[in-house]
Amino acid sequence: MAVPGARARGWAAAAKAAQRRPRVEDAGAPPSPELASRRAALYVHWPYCEKRCSYCNFNKYIPRGVQEAAMRNCLVTEAQTLLQLSGVRRVESVFFGGGTPSLASPHTVAAVLEAVARTAHLPADSEVTLEANPTSASGSRLAAFGAAGVNRLSIGLQSLDDSELQLLGRTHSANDALRTLAEARRLFPGRVSVDLMLGLPAQRVGPWIGQLQELLHHCDDHLSLYQLSLERGTTLFTQVRQGALPAPDPELAAEMYQKGRAVLREAGFRQYEVSNFARNGALSTHNWTYWQCGQYLGVGPGAHGRFMLQGTGSHTREARIQTLEPDNWMKEVMLSGHGTRKRVPLGKLELLEEVLAMGLRTDVGITHQHWQQFEPQLTLNDVFGASEEVKLLLEQGLLLLDDRGLRCSWEGLAVLDSLLLTLLPRLQEAWQQGTPSPVPGG
Amino acid sequence: MWTLAGRGWWLGRALAPWVTGAANMALPGPRPAPTGRAPAEFRASDRLSSSAGLKEKLDMSIFPVENIRNFSIIAHVDHGKSTLADRLLELTGTIDKTKNNKQVLDKLQVERERGITVKAQTASLFYSCEGKQYLLNLIDTPGHVDFSYEVSRSLSACQGVLLVVDANEGIQAQTVANFFLAFEAQLSVIPVINKIDLKNADPERVEKQIEKVFDIPSGECIKISAKLGTNVESVLQAVIERIPPPKVHRKNPLRALVFDSTFDQYRGVIANVALFDGVVSKGDKIISAYTQKTYEVNEVGILNPNEHSTHKLYAGQVGYLIAGMKDVTEAQIGDTLYLHKQPVEPLPGFKSAKPMVFAGMYPVDQSEYNNLKSAIEKLTLNDSSVTVHRDSSLALGAGWRLGFLGLLHMEVFNQRLEQEYNASVILTTPTVPYKAVLSSAKLIKEYRDKEITIINPAQFPDKSKVSEYLEPVVLGTIITPDEFTGKIMMLCQARRAVQKNMIFIDQNRVMLKYLFPLNEIVVDFYDSLKSLSSGYASFDYEDAGYQTAELVKMDILLNGNIVEELVTIVHKDKAHFVGKAICERLKDSLPRQLFEIAIQAAIGSKIIARETVKAYRKNVLAKCYGGDITRKMKLLKRQAEGKKKLRKIGNVEVPKDAFIKVLKTQSDK
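- Chain B carries the name Translation factor GUF1, mitochondrial in an unreviewed UniProt entry, which gives Galeopterus variegatus as its organism.
- Quoted verbatim from the Subcellular location (unreviewed entry) field of the UniProt record, the comment on chain B reads "Mitochondrion inner membrane".
- Here chain B is described in UniProt, under the heading Function (unreviewed entry), as follows: "Promotes mitochondrial protein synthesis. May act as a fidelity factor of the translation reaction, by catalyzing a one-codon backward translocation of tRNAs on improperly translocated ribosomes. Binds to mitochondrial ribosomes in a GTP-dependent manner."

- If you look chain A up in an unreviewed UniProt entry, it shows as Radical S-adenosyl methionine domain-containing protein from Galeopterus variegatus.
- UniProt annotates chain A under Sequence similarities (unreviewed entry) with the comment "Belongs to the anaerobic coproporphyrinogen-III oxidase family. HemW subfamily."
- A UniProt comment under Subcellular location (unreviewed entry) is attached to chain A, and it reads "Mitochondrion".

See the structure below:
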């Protein structure tokens, strides 16, 4: 395996060509003839950042020096090992997240993609996304990532207000972000996403809507609106707790969210998930896989995956977590080919709970066909049709259950977590009544 | 053989009689061993003079009545009652003079922590003066009017009191209340001004206050420092000179007053008795005037301050007896004991304990129910004044409705549960025993009484069936520096109190007397008083019977449905204020739901207060990708599990702790 195969090198070029193809297919449609159990999305975690953002509690490290070659080798090794274990034949999307993966060299990204293409089928039109930080993504670097096989960019723009960016501990300015965005759009037309945060301490509704409208002048076909959640252990959390910053007002955040959704709808965006908006069919197929409970492999320190180990003959889906700390993870990968720290077999009910909780995040919700793929016996109507509590939610107009399936209304989507507290126990109840002795993965 | 000496007595310290085994285990620090007498303890704590007397039983007949003095020390909190007791015990050789003698008679952790005496202790002191051997019985009283009945019973065994007043603080509310208890019992009062060693001590001013308030000539005050021992000897002199011996007759049939009782798990009930007439010895058959039960005396003795058995006890003497009683309710405070076949007129003033404050008590976790039950049982073994009824609440589960003599009694009980039994409880807001005079013939027949006492708001009878409602009232005494008078009068007015009296006890101190509805002071009155007087005002109260009151039952509704556990009895004039407060507290503790929640306080169909919990506008995790899924599912499942435990009132889901926050007493210690 010392020499990257010709097929792999050819893949980057083919992908390069494929990315110009307009995407029109509905992400909801089954995209390939391969069995669902032989398909997967692949997530690759780059654990390093230049600087700690004040709101971020992800698994990231501020290194003094990255041994990139070692890291690259380990990512490659683990991707190959996990692909083999999973028996996955077709990788439908790759997502380089972090951390700040745009700090990695394009060579590393290329090496991982080549390894994937060597081990499984990586179609030329597979979505390959890289998270990019405006300060670490000059035009030439972005072009180099494109040459390495990346065909979609997700830019952590977060805000168009410099004082807010400072509050968040971001290293870039609003201008940096817009420049990066323009560059990215030039390089990856129709395939650039930007993140915008809402609900920051002291943030007001009017100015935030102003930011969103300004952003609409510059953005491409994909946008994510994320409400800030204060996470324990972050600088922001401490500042708020100590009273140095006002606590974010949930009422205002709710208003920003509702108004923001409306503004984007006006602008022709489809809200295909709680926080995600796309036009011209530019949905992220990688993320769609999460919400549709497709299989995904997680490669890199602290990455999560959910897949069956068909390579070893198992038919039980497992939730897997890789070792968090990069150095330890690398040691494990070098020792045993992968750094999986935790494996939890998912029971059938647990899988259905995920199907429910994740599926309802999307606009199409859970179609009858989709549900049937996971549970052929118990229909959505069997589970939810007779429940008084569910009926109440339907009557309140928060939830819809019809011949298409089960989904949230516009209002319901904003309070999904409350709805799930009624739906999940109902599912458990129906499951216990319907299947007295569940055999996981049977 | 022992001889009577002014000091140098050693009778050994044994088990504090009221400490039960289990309770004792939980107490930190040097303590008597949990069971039986403890030789190690003897050696450790008593090393004075001869030990010859230990094996000999005392012959108490050598103390004629004229050489006996029975007295109490009464004082406001922290004025030095227990320290003076320590000195008196040392001075008479009852205990060794060491640095460890700090509040020897206050044995409970809560007593030492709070500087109050909860459980009366008694010590017989032997004192030699001008060639005569005296037996001085120091009957320590509980230091708070919650226990005024106990105080009055203890005082009825005395002929005199030492009224201790702090030379710096002067007369305080409790000084006044205690003085009048002693005064009404027609006891000799010896004023003792303590802490004259303090930098800001002003004994002359206190002397004048005493003269003004109690009409005691200023020359009669003894000025001491109990801490340093200054002038304490003259207190003993005054006890002998100014307090008369008891008027009793050894020849008459036995008449003994039970003024306290404690429980020992091995020996049963130990009754503290004062003999008004006659003699009692081991083997006597005695009868309780209250229960009419007969017992055989197994042991008699004196308290020094621990039990030391004697052959007999004679009229005028104070000590203990053990007679096979199984339960402290068999030796109720104020009861009279007499000899079989020699009935006597019971001593006056006996009353069963009358709880004035009721509160629900529940385990924090229902799995703790049995532990709490056994802890309550053990504590009430020694405190028959706590009444216990089983109760249950939809929100709080199975528990009890407990009746206490007063707020302090309740707090002390709760604190002892926590400290001695490591129990963690939910205590609901205290209520007072209201009464209703029934007009409905049907109800009168049902209750077999025209007047009923309501200890649980759920039992409040409708106005149409009642001719009048009554509420308990107390006469409160407040002593304060005059600069706070205005604010305090406003506070009292807000609490529906009626002013009865107001006098200056010196140039800048005022004594106010108010008639308070008891329910107005049970929760936070004392805290408010303390905070608006920067801690300088003192407060005390005594029972003052009942008065008619316009009481109403207030319901709390959630989206139109009544919350049973929050039904409250409230005075008509306070309904709005109380209703608003409950609604506000409930609003703060109810989580948002998918619809708006109206929280209302209502009297009948009339809504008097309202708060609204707005519906959730947004409740959904923003980012939910690969790594977030496990975390989110875990959280959702935990929340869904928690939701199953919620109490549903109509369509509103209420977490258990929401009611607890509303029901719980507000004064967090």
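A short note on the interface of chain A and chain B
1) Next: Opposite the 43 residues of chain A that make contact, chain B presents 29 residues.
2) Next: Between chain A and chain B, the buried area comes to about 3300 Å², and carbon and sulfur atoms account for 57% of it.
3) Next: Considering only the surface of chain A that becomes buried against chain B, A:E251, A:D417 and A:L421 emerge as the three largest contributors, covering 19% of it.
4) Next: For A:E231, the salt bridge identified is with B:R631, shortest N-O distance 3.9 Å.
5) Next: Where chain A packs against chain B, one counts 17 residue pairs in polar contact (both at pLDDT 80 or more).

Focus on the sheet that holds strand β15 (residues 318-322) of chain B
Whenever strands of a sheet pair, they do so through backbone hydrogen bonds, lying parallel or antiparallel.
All names here are of chain B.
1) Next: An order of β11-β10-β16-β7-β8-β15-β12-β13 is seen for the 8 strands of this open sheet, with the pairing classed as antiparallel. Each edge of the open sheet is held by one strand with a lone partner, namely β11 (294-296) and β13 (307-310). Pairs of neighbouring strands in the sheet enclose a mean axial angle of 40°, with direction left out of account.
2) Next: As judged from the 3 bridges shared by strand β10 (residues 285-288) and β11, these two strands associate in the antiparallel manner. From the neighbouring strand, I286 faces β11, where its bridge partner is Y295.

Observations concerning the sheet that holds strand β18 (residues 387-393) of chain B
Residues and elements named next belong to chain B.
1) Next: Ordered by their spatial adjacency, 4 strands build an open sheet running β18-β19-β17-β20, and the pairing between neighbours is antiparallel. With partners counted over all chains shown, the strands left at the sheet margins are β18 and β20 (425-427), one partner each. Mean inter-strand twist for the sheet, computed between neighbouring axes without regard to direction, equals 30°.
2) Next: One ladder, built from 3 bridges, connects strand β17 (residues 357-363) with β20; its direction is antiparallel.

Examining the pattern of salt bridges
Residues and elements named next belong to chain B.
1) Next: For the coordinates displayed, the defined rule picks out 43 salt bridges over all chains.
2) Next: Put simply, K580 and E584 hold a salt bridge, and the shortest N to O gap is 2.7 Å. Of this pair, K580 and E584 both sit in helix α15 (residues 575-589), separated by 4 residues, roughly a single helical turn.
3) Next: Judged by relative accessible area, which is 37%, K580 ranks as partly exposed.

Some words on the confidence of the model for chain A
Residue and element names in this part refer to chain A.
1) Next: When the pLDDT values of chain A are averaged, the result is 91; 91% of them are 70 or greater.
2) Next: Every residue in residues 21-29 is under pLDDT 50, and counting partners more than four places away or in other chains gives 12 contacts.
3) Next: Across residues 437-442 the pLDDT falls below 50, and counting only partners more than four positions away or on other chains, this stretch makes 6 contacts in the model.

A short note on the confidence of the model for chain B
All names here are of chain B.
1) Next: Mean pLDDT for chain B: 82, with 85% of residues reaching 70 or above.
2) Next: pLDDT under 50 marks residues 1-55. Its contacts with residues more than four places away, or in other chains, come to 124 contacts.
3) Next: Across the interface, the model reports ipTM at 0.90; the global pTM reads 0.65.

Re the nonpolar core
1) Next: Counting 156 residues, the largest nonpolar core has A:L223, A:L356, A:F384 and B:L558 as its most contacted members.
2) Next: The leading source of residues in this core is helix α17 (residues 416-434) of chain A, at 9 residues.
3) Next: Excluding its chain neighbours within four sequence positions, the residues that come into contact with A:F384 are A:L356, A:V390, A:L401, A:L406, A:L423, A:R426 and A:L427.
4) Next: B:M356, B:F404, B:L443 and B:C492 belong to the second largest nonpolar core, which has 54 residues in total.

Some remarks on the packing of aromatic side chains
1) Next: Inspection of the entire model under this criterion finds 23 aromatic pairs over all chains.
2) Next: With a centroid separation of 5.1 Å and an interplanar angle of 80°, the aromatic rings of B:F179 and B:F180 are classed as edge-to-face.
3) Next: A ring pair is formed by B:F516 and B:F539, whose centres lie 5.7 Å apart and whose planes are at 85°; its orientation type is edge-to-face. Of this pair, B:F516 sits in strand β25 (residues 509-517) while B:F539 sits in strand β26 (residues 538-549), and the two are 23 residues apart along the sequence. There is no split in this pair, since B:F516 and B:F539 are both buried.
4) Next: Across the ring face of A:W410, the terminal group of A:R265 is positioned such that the distance to the ring centre comes to 4.1 Å.
5) Next: Sitting above the plane of the A:Y226 ring, B:K623 keeps its charged end 4.6 Å from the centroid.

Considering the environment of B:G229
1) Next: Positionally, B:G229 belongs in the loop between β6 (222-223) and α8 (232-242).
2) Next: With 143 residues separating them along the chain, B:G229 and B:D86 place their C-alpha atoms 9.8 Å apart.

Let's talk about the packing of α17(A) against helix α16 (residues 626-644) of chain B
1) Next: Contact geometry for α17(A) and α16(B): axes closest at 9 Å, N-to-C directions at 75°. Comparing their axes, α16(B) and α17(A) come out roughly perpendicular. Within the contact between the two elements, α17(A) uses A:D417, A:L420, A:L421, A:T422, A:L424, A:P425 and A:Q428 and α16(B) uses B:K632, B:M633, B:L636, B:K637, B:Q639, B:A640, B:K643 and B:K644.

The rules behind each value
- Per chain, residues are indexed from 1 in the order of the written sequence.
- As a convention, the first chain written is A and the first ligand written is 1, with the rest following in written order.
- Two thresholds apply to this predicted model, a pLDDT of at least 70 for residue-level local features and 80 or more for giving and counting side-chain atom pairs, whereas whole-chain, interface and lining totals are computed over all residues.
- Derived side-chain values reflect all non-hydrogen atoms in the structure, with water molecules and hydrogen atoms excluded from consideration.
- UniProt positions are given in the numbering used here, feature names are shortened, and annotations may be inferred rather than shown by experiment.
- Contacts are residue-level and defined by heavy atoms, with any inter-residue pair within 4.5 Å sufficient.
- Buried area: the accessible surface (1.4 Å probe) lost by two parts on joining, summed over both.
- Within this document, salt bridges are pairs made up of a side-chain nitrogen of Lys or Arg and a carboxyl oxygen of Asp or Glu, the two lying within 4 Å of each other.
- Residues adjacent in sequence count toward polar contacts only when both atoms are side-chain atoms; beyond that, a polar contact is any pair of N or O atoms within 3.5 Å, and within protein one must be able to donate a hydrogen and the other to accept it.
- Should DSSP find at least two bridges between two strands, the strands are taken to pair.
- Every helix listed is a DSSP run of H or I at least four residues long, and every strand listed is a run of E at least two residues long, numbered separately from the N terminus.
- Fitted lines through C-alpha atoms give the axes, limited to the stretch in contact for helices. The angle between two N-to-C directions lies from 0 to 180 degrees.
- Only protein chains enter the accessibility calculation, which uses a 1.4 Å probe; a residue whose area is less than 20% of its type maximum is buried, one above 50% is exposed, and one in between is partly exposed.
- pLDDT gives the predictor's per-residue confidence on a scale running from 0 to 100.
- To qualify as a nonpolar core, a set must consist of buried Ala, Val, Leu, Ile, Met, Phe, Trp, Tyr and Cys residues joined through side-chain atoms within 4.5 Å.
- Two aromatic rings from Phe, Tyr or Trp, using only the six-membered ring of Trp, form a pair when their centres are within 6.5 Å; if the ring planes differ by under 30 degrees the pair is stacked, by over 60 it is edge-to-face, and anything between is tilted.
- Only Lys NZ and Arg CZ are tested; either one counts as a charge over a ring when it is within 6 Å of the ring centre and within 35 degrees of the ring normal.
- An angle below 35 degrees is read as roughly parallel, one above 145 as roughly antiparallel, one from 65 to 115 as roughly perpendicular, and any other as oblique.

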